[in-house]
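# Notes for the structure review
Residue-level listing of the chains:
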Amino acid sequence: MSILDTAITSAILYLVFLQDYCISNDSECLTLDISITQKVEYEGFHRDIKWLVEILHPSKESWLSLSCNLALRLDISSGMFVNPDEVADLKRMGKLLTYVDGNVDVEAAAHEATEHSIYVYLNNSQIDKLSVKLPVHLRYQRSQITGGYGKIPLAKPSLLTWCPANDTKICGRGLKVEAPCDAEALTLCVWKNQTYQALFDEVELFVPVGDLDDYPLVSIVTLLLGCAGCIYILSVLSTAPL
Amino acid sequence: MYSVWHKFVNINYKFHLLLAFVIRLVLILYSNYHDSISEVPYTDVDYKVFTDAARHILNGKSPYNRHTYRYSPLVAIFVIPNLIVHRNFGKIIFSVGDIIVALLIRHRKQLKQHNKHGKLNIVPTVKSIANGPLDTMVNISMLIWLYNPLTITISTRGNCDSLAAFFVLLTLYTLQCQRSYFLSGIIHGISIHFRLYPVMYSLAFFMFLSKFAVYTTEDRRKSNNTVMTLENTSTMRQVRDTENSVVLSSKGGHKILPCKEIKERTIFKKEYLLYVVPNLDQLKLITGCLISLFSLTYIFYNMYGYKFLYETYIYHFIRRDTRHNFSLYFYLQYLTMWVKNIGIWQKALVVLPQIVLLLVFSMRYGLNKFSLNFSILTQTIVMVIYNSVLTSQYFLWIMAVLPLCVWQINMPKNMVFFLLTIWFAAQGVWLLPAYLLEFKGENTFMFIWIQGVSFFCVNVTILGRLISCFLHCREKIV
């Protein structure tokens, strides 16, 4: 190994170090310190995922001067869905700028549904402390023996950044992600996946599942009752005046 | 209190039409305001679907490009002005539809009044009644439709079911009042194309035009040459006075009995096969229906291809919705949805009772000239309560035909009150486990099923009561 090689290696290591720890006095690279708190509200088939996104560093003013964009990307597992019409309404009201990626069948059951993703574009002007509320819905699951509850894992959202001005770079070795530039989704941009402090644990959502042990009772009573109703009506008919 | 109500009912019907229309317009305006401030929109999701589909049509594309558009392309064509004139245009069309339905309900009644010496005379003591009470009945049944919260909200939220009701009533109107059977066939075809469910009425319409169709059970018996026997000879004279009527005294005593010597009561006779041989009128009806149904299907199939066939017709046959609803069959369906080895017998037992009832009602009431409306009512109720998916929206189908026969159903007031109470109560108690499931995430499927069972029982009871009170004597024969 030559000296040159060693030097290059150490330089790379230094750069990696630099990027990893994001030394803020480097003019080429901007440290971003963001924390996200997540809370899932309500308990039934309709939940609200609430995120509180806080930019701890840099300050609001300097962030605004950079004209960078922030977005959250959530991969929605097949056990739940975002209703495209509902988020479109929220978009229309200006409450939540989102883009749903993938086909959403709002009627399908969990094991027949496909996954999709949603991009939530965060409002730039109030970026220092921003709360986002995303309505999601759980899907019915296939009935099972002993019934009980099905589990749906809720993934952590990814935080994406995109700075249109080329001279601004954000520190970190995040993955590059191609995603729509904004909620209109006319063009694709290369976003960077950013690390953040997650002030929450990963959660699992519970959804009630039909109990196959009920099947004998339910089938016998339901079908008999259907027939009994029919027979009753026929008997009334036979004694009715007309 | 009574007189205020009486006055209100007897105001000129045009005023009611106007007032009902104004109420709808106000609600449409309110819906715009509500939607602009609230996250839970007043406007139905489907209304947006219609508008989007209309936009596709305007752009020369298929309305079925809009996902979850599962209606006839006619709906999208009707609401094209939503994009050109104003976005509320469709809702106004639906509301105008409501008003025309009210007029149709009224006209059906007026016909009865005009024909009171004619064949359609079935109100036993109509000669002795001044026009007043009949007018009141006419008005009340119109008001039941006009001021029904369900119909008001459904049309102002922008749901097209009121147009479906309009086509069904128009078919009934042309069939019974205009007597232009080819035209009724055409309209019936359109209404099947529009919303598949009226196809179930076809047999009743067919039977209505049969030469075997009679005016009363008495006529039927006469035509069968059976001897009428009366329990009390003194009533014989009375009965002759009010011919063509079905009269039963409400408090025992004088009663036209069904033939005393009923030799055999069979369900099926060979003569019944003659009923299906069509006569000229029936042929007109069938041709009209087939022409309009197939030409509409052909035109739209050429325009939009298989997707149209699937979304408009096939989907409604194979629809399986597992999400909780009022239906008796909901839990059974959910449990067995993805279980493979479920026997065909289960499917048969689900479908068979309602097929039997629909057939029986078509024959029994269809073969009687003035119980056609009641036949439609009972068939609609059977369809709704035996449906595998049952939501409040389906009650509109019943609401549309109920006013047509309100005057033929002589139910004591306290029974009406009792039935309404248990009907609402059964829905109310269903709501509790449904709420716990949907919003609290508790596993209450079993309880929802139990409530579904009780709601079904209530519905069957109500249907039974309607049948036994149908054309029951209004007043005791003096």
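Nothing here was measured: the structure is a model prediction, and the numbers come from that model.

## Looking at the overall build of chain B
Helices and strands together make up the secondary structure of chain B, namely 21 helices and zero strands. Across the 478 residues that make up chain B, the buried fraction comes to 53%. Considering only intrachain contacts with a sequence separation of at least 6, the fraction spanning at least 24 residues in chain B is 75%. For chain B, the computed accessible surface area is about 22400 Å², with 66% contributed by carbon and sulfur atoms.

## Digging into the interface of chain B and chain A
When the parts of a complex come together, some accessible area is lost, and that lost area is often used as the size of the interface. Of the residues lining the interface, 66 residues belong to chain B; the matching set on chain A comes to 50 residues. Roughly 4900 Å² is buried in total at the junction of chain B and chain A, and carbon and sulfur atoms are behind 65% of that figure. Counting the contacts that link chain B with chain A gives three salt bridges. A salt bridge links Asp85(A) to Arg66(B); the shortest N-O distance between them is 3.1 Å.

## Quick notes on the pattern of salt bridges
For the coordinates displayed, the defined rule picks out 14 salt bridges over all chains. Across the salt bridge formed by Glu41(A) and Lys39(A), the nearest N and O atoms sit 3.7 Å from each other. Linking Asp52(B) and Arg55(B) is a salt bridge whose minimum nitrogen-to-oxygen distance equals 3.1 Å. One end of the pair, Asp52(B), and the other, Arg55(B), are both in helix 3 (residues 45-58), three residues apart, so they sit about a helical turn from each other. The partly exposed category is assigned to Arg55(B), whose relative accessible area is 40%. Salt bridges here are not isolated pairs; linked through shared partners, they connect Asp85(A), Lys48(B), Asp52(B), Arg55(B) and Arg66(B).

## Looking at helix 4 (residues 215-239) of chain A
When the terminal C-alpha atoms of helix 4 of chain A are compared, their 36 Å separation across 25 residues agrees well with the 36 Å that a helix rising 1.5 Å per residue should span. All buried positions along helix 4 of chain A are accounted for by Tyr215(A), Val218(A), Ser219(A), Thr222(A), Leu223(A), Leu225(A), Gly226(A), Gly229(A), Cys230(A), Ile233(A), Val236(A) and Leu237(A). Elements in contact with the buried residues of helix 4 of chain A: helix 16 (330-336), helix 17 (344-366) and helix 21 (445-469) of chain B.

## So, the packing of helix 9 (residues 161-178) of chain B against helix 10 (residues 181-194) of chain B
All names here are of chain B. Helix 10 packs onto helix 9 with a crossing angle of 165° between their chain directions and a minimal axis gap of 8 Å. It follows that helix 9 is roughly antiparallel to helix 10 by the angle criterion. The hand of the helix 9/helix 10 crossing is left-handed. Contacts between helix 9 and helix 10 involve Leu163, Ala164, Phe167, Val168, Leu170, Thr171, Thr174 and Leu175 from the first element and Tyr181, Leu183, Ser184, Ile187, His188, Ile190, Ser191 and Phe194 from the second. Among the residues making up the contact of helix 9 with helix 10, the classes are represented as 11 nonpolar, five polar and no charged.

## Some thoughts on the UniProt feature "transmembrane region" (unreviewed entry) in chain B
Residue and element names in this part refer to chain B. Within this numbering scheme, the UniProt entry marks residues 12-33, 88-105, 283-301, 344-363, 417-436 and 448-471 as carrying the feature "transmembrane region" (unreviewed entry). Here residues 12-33 is 95% helix and 0% strand, with 32 Å between the C-alpha atoms at its ends. Segment residues 448-471 splits into 92% helix and 0% strand. End C-alpha atoms: 36 Å apart.

## Thoughts on the nonpolar core
In terms of nonpolar packing, the biggest core is built from 174 residues, with Trp51(A), Trp63(A), Trp145(B) and Ile467(B) touching the most fellow members. Composition of this core by domain shows at least three residues from each of domain 2 (32-210) and domain 3 (211-242) of chain A. For Trp51(A), the residues in contact, after removing those within four places along its chain, are Ile36(A), Thr37(A), Gln38(A), Leu72(A), Leu74(A), Val120(A), Leu130(A), Ser131(A), Val132(A), Leu134(A) and Pro157(A). Judged by nonpolar contacts, the second largest core, of 10 residues, contains Ala71(A), Val177(A), Cys181(A) and Trp191(A).

## Quick look at the packing of aromatic side chains
Evaluation of the coordinates by the stated rule reveals 45 aromatic pairs over all chains. Plain terms: the ring middles of Phe45(A) and Tyr140(A) are 4.8 Å apart, the flat faces sit at 15° to each other, and that makes the pair stacked. One end of the pair, Phe45(A), is in the loop between strand 1 (33-41) and strand 2 (46-57); the other, Tyr140(A), is in the loop between strand 7 (129-138) and strand 8 (149-154), with 95 residues separating them in the sequence. The buried category is assigned to Phe45(A), whose relative accessible area is 4%. Through pairs of rings, three or more aromatic residues link up here, namely Phe50(B), Tyr64(B), Tyr69(B), Tyr71(B), Phe94(B), Phe300(B), Tyr304(B), Phe308(B) and Tyr313(B). Lying across the ring of Tyr13(B), Arg106(B) places its NZ or CZ 3.7 Å from the centre.

## What about the state of the cysteines?
All names here are of chain A. On inspection of all chains with the given rule, the structure shows two disulfides over all chains. Through a disulfide, cysteine 68 is tied to cysteine 163; the S-S separation comes to 1.9 Å. Around the S-S axis, the bridge from cysteine 68 to cysteine 163 shows a dihedral of about 110° and counts as right-handed. In this pair, cysteine 68 sits in the loop between helix 2 (60-66) and strand 3 (69-76) while cysteine 163 sits in the loop between strand 9 (158-162) and strand 10 (176-180), placing the two residues 95 residues apart along the sequence. Exposure remark for cysteine 68: the relative accessible area of 1% places this residue in the buried category. Linked covalently through their sulfurs, cysteine 181 and cysteine 189 form a disulfide whose S-S length is 1.6 Å. Note on the cysteine 181 and cysteine 189 pair: the S-S dihedral is about 100°, so by sign convention the disulfide is right-handed. The exposure classification of cysteine 181 matches that of cysteine 189, with both residues buried.

## Here we look at the pairing of strand 9 of chain A
Residues and elements named next belong to chain A. Most of strand 9 is tucked away: four of the five residues are buried. Across five bridges, the pairing between strand 3 and strand 9 is antiparallel. Bridge assignment links asparagine 69 to a residue of strand 9, and that residue is tryptophan 162. With three bridges joining them, strand 9 and strand 11 (residues 188-194) adopt antiparallel strand pairing. For threonine 161, the partnering residue across the bridge sits in strand 11 and is lysine 192.

## Remarks on a nonpolar patch on the surface
A contiguous nonpolar surface patch, about 360 Å² in accessible area, is contributed by Leu217(A), Ile220(A), Val221(A) and Leu224(A). Mapped onto the elements of the fold, Leu224(A) is located in helix 4.

## Focus: the sheet that holds strand 3 of chain A
Remark on secondary structure: sheet strands pair via backbone hydrogen bonds, oriented parallel or antiparallel. Residue and element names in this part refer to chain A. Taken together, six strands build an open sheet; the order of strands is 5-6-3-9-11-10 and the sheet is antiparallel. One side of each edge strand has no neighbouring strand; the edge strands of this open sheet are strand 5 (97-101) and strand 10. With strand direction ignored, the average angle separating the axes of adjacent strands in the sheet is 35°.

## Notes on the pairing of strand 6 (residues 116-121) of chain A
All names here are of chain A. In terms of burial, strand 6 is largely enclosed, as six of its six residues are buried. The sheet contact formed by strand 3 and strand 6 spans six bridges and is antiparallel. If you follow leucine 74 over to strand 6, its bridge partner there is isoleucine 118. In terms of strand pairing, strand 5 meets strand 6 through five bridges, oriented antiparallel. Pairing of tyrosine 99 across the sheet is with tyrosine 119, part of strand 6.

Conventions used here
- By convention here, each chain's residues receive numbers from 1 onward along its written sequence.
- Ligands are numbered from 1 and chains lettered from A, in the order in which they are written.
- Reporting in this predicted model follows two pLDDT cut-offs: at least 70 for local features of residues, and 80 or more for side-chain atom pairs to be given and counted; totals over whole chains, interfaces and linings ignore these cut-offs and use all residues.
- Hydrogens and water are ignored here; the side-chain numbers use all heavy atoms of the structure.
- In this description a helix means any DSSP run of H or I spanning at least four residues, a strand means any run of E spanning at least two, and both kinds are numbered starting from the N terminus.
- When a residue's accessible area, from a 1.4 Å probe over protein chains only, is under 20% of the maximum for its type it is buried; when over 50% it is exposed; and in between it is partly exposed.
- Working rule for contacts: check all heavy atoms of both residues, and any pair within 4.5 Å makes them a contact.
- Values of accessible area rely on a 1.4 Å probe in the Shrake-Rupley scheme; residue burial ignores everything except the protein chains shown.
- Accessible area that two parts lose when put together, evaluated with a 1.4 Å probe and summed over both, is termed the buried area.
- Here, a salt bridge means any side-chain nitrogen of Lys or Arg that lies within 4 Å of a carboxyl oxygen of Asp or Glu.
- One less than the residue count of a helix, multiplied by 1.5 Å, gives the span that helix is expected to have.
- Note on method: axes are straight lines fitted to C-alpha atoms, helices fitted across the in-contact stretch only, with angles between N-to-C directions ranging 0 to 180 degrees.
- An angle counts as roughly parallel when it lies under 35 degrees, as roughly antiparallel when it exceeds 145, as roughly perpendicular when it falls between 65 and 115, and as oblique in every other case.
- Left-handed describes a crossing whose near helix is turned anticlockwise from the far helix by less than a right angle; the clockwise case is right-handed.
- Gly counts as polar in this scheme, as do all residues outside two lists: the nonpolar Ala, Val, Leu, Ile, Met, Phe, Trp, Tyr, Cys and Pro, and the charged Asp, Glu, Lys and Arg.
- UniProt positions are given in the numbering used here, feature names are shortened, and annotations may be inferred rather than shown by experiment.
- By nonpolar core is meant a set of buried Ala, Val, Leu, Ile, Met, Phe, Trp, Tyr and Cys residues that side-chain atoms within 4.5 Å join together.
- The domain boundaries here were taken from an automatic or database domain assignment.
- Only the six-membered ring of Trp is used, alongside the rings of Phe and Tyr, when aromatic pairs are assigned; centres must lie within 6.5 Å, and planes under 30 degrees apart are stacked while those over 60 apart are edge-to-face, with the rest tilted.
- By definition, being over a ring means that NZ of Lys or CZ of Arg is both within 6 Å of the ring centre and within 35 degrees of the ring normal.
- Cysteine sulfur pairs qualify as disulfides if the two atoms are within 2.5 Å.
- Two strands form a pair only when DSSP identifies at least two bridges running between them.
- Residues form patches when they are more than 30% accessible in relative terms and have no salt bridge. Like charges link within 9 Å. Nonpolar side chains (Val, Leu, Ile, Met, Phe, Trp, Tyr) link within 5 Å.

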